[in-house]
Amino acid sequence: IQLTQSPSLLSASVGDRVTLSCKGSQNINNYLAWYQQKLGEAPKLLIYNTNSLQTGIPSRFSGSGSGTDYTLTISSLQPEDVATYFCYQYNNGLTFGSGTKLEIK
Amino acid sequence: QVTLKESGPGMLQPSKTLSLTCSFSGFSLSTSGMVVSWIRQPSGKSLEWLAAIDWDGDKYYNPSLKSRLTVSKDTSNTQVFLKITSVDIADTATYYCARSLYGYIHYYVMDAWGQGASVTVSS
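What this report covers is the structure whose coordinates are included nearby. (Residues numbered from 1 in each chain as written. Chains lettered and ligands numbered in written order. Predicted model: local features only at pLDDT ≥ 70, side-chain atom pairs only at ≥ 80, totals over all residues. Heavy atoms only, no water.)

1. A short note on the nonpolar core
Stage number 1. Ranked by size, the top nonpolar core spans 28 residues in total, and within it B:Trp38, B:Val80 and B:Leu82 carry the most contacts.
Stage number 2. Looking at this core, the elements that each hand over two or more residues are β3 (18-25), β4 (34-41), β5 (48-54), β7 (69-73), β8 (79-84), β9 (93-101) and β11 (117-121) of chain B.
Stage number 3. Apart from the residues within four sequence positions on either side, B:Val80 is in contact with B:Leu20, B:Thr21, B:Cys22, B:Phe24, B:Leu29, B:Val36, B:Trp38, B:Ile53, B:Val71, B:Ser72 and B:Lys73.
Stage number 4. By size, the runner-up hydrophobic cluster in this structure holds 23 residues, among which are A:Phe86, B:Leu47, B:Ala98 and B:Val109. (Core = buried A, V, L, I, M, F, W, Y, C linked by side-chain atoms within 4.5 Å. Buried < 20%, exposed > 50% of the residue type's maximum accessible area, 1.4 Å probe, protein only. Helix = DSSP H or I, 4+ residues; strand = E, 2+ residues; numbered from the N terminus. Contact = heavy atoms within 4.5 Å.)

Shown next, in the form of structure tokens:
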């Protein structure tokens, strides 16, 4: 399954509601996770099984979707959210999306 | 506290075999459900899952690289190894090891990662 993330670059203001998209080439059956990777760091698990928040992750992060289309939402963007976000499917094979780089405007 | 740390040669020549070690603490690979995976990331690019080994010694590989990969663990269940044969420039990347726990989240959802080991393949 191939994953297409959009946009590749997103610039938003602190406090904005931000939505990142991930689209699969086939049905992912909700086996989708989101990782956050800050510059020079390892990826960090945010969301798994489409909408389950990993322990310790702020509640401003949420996930949704079904079938082939999934979304990561940040309800109120914070400066520390600057990072690249990768979606990852584990339904059929294991693949990561190409990433969305999130910047502060 | 779960920690993982990768180590490797830093640089090696094309056609050689790359050997990587993942040393971890805060969990044991002998614990039922425990899985350690290897993932790599070329600079500025996305991530690619490579291989996994679980508490039972079962091993799984990325089909596109399977012929070149060997994953193993030590008898104390505190280290996991990855060997990649016949490396070329395309294998230049940061290599991560990561833990997942079957029955907690998912066999293949990694919830703890090492800091990564940079590997450059160059003549």
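2. Concerning the pairing of β3(B)
Residues and elements named next belong to chain B.
Stage number 1. For strand β1 (residues 3-7) and β3, the ladder comprises five bridges, and the chain directions are antiparallel. Its bridge partner lying in β3, leucine 4 is registered against phenylalanine 24.
Stage number 2. Pairing of β3 with β8 involves six bridges; the strand directions are antiparallel. Across the sheet, serine 19 pairs through a bridge with lysine 83, a residue of β8. (Pairing = 2+ DSSP bridges.)

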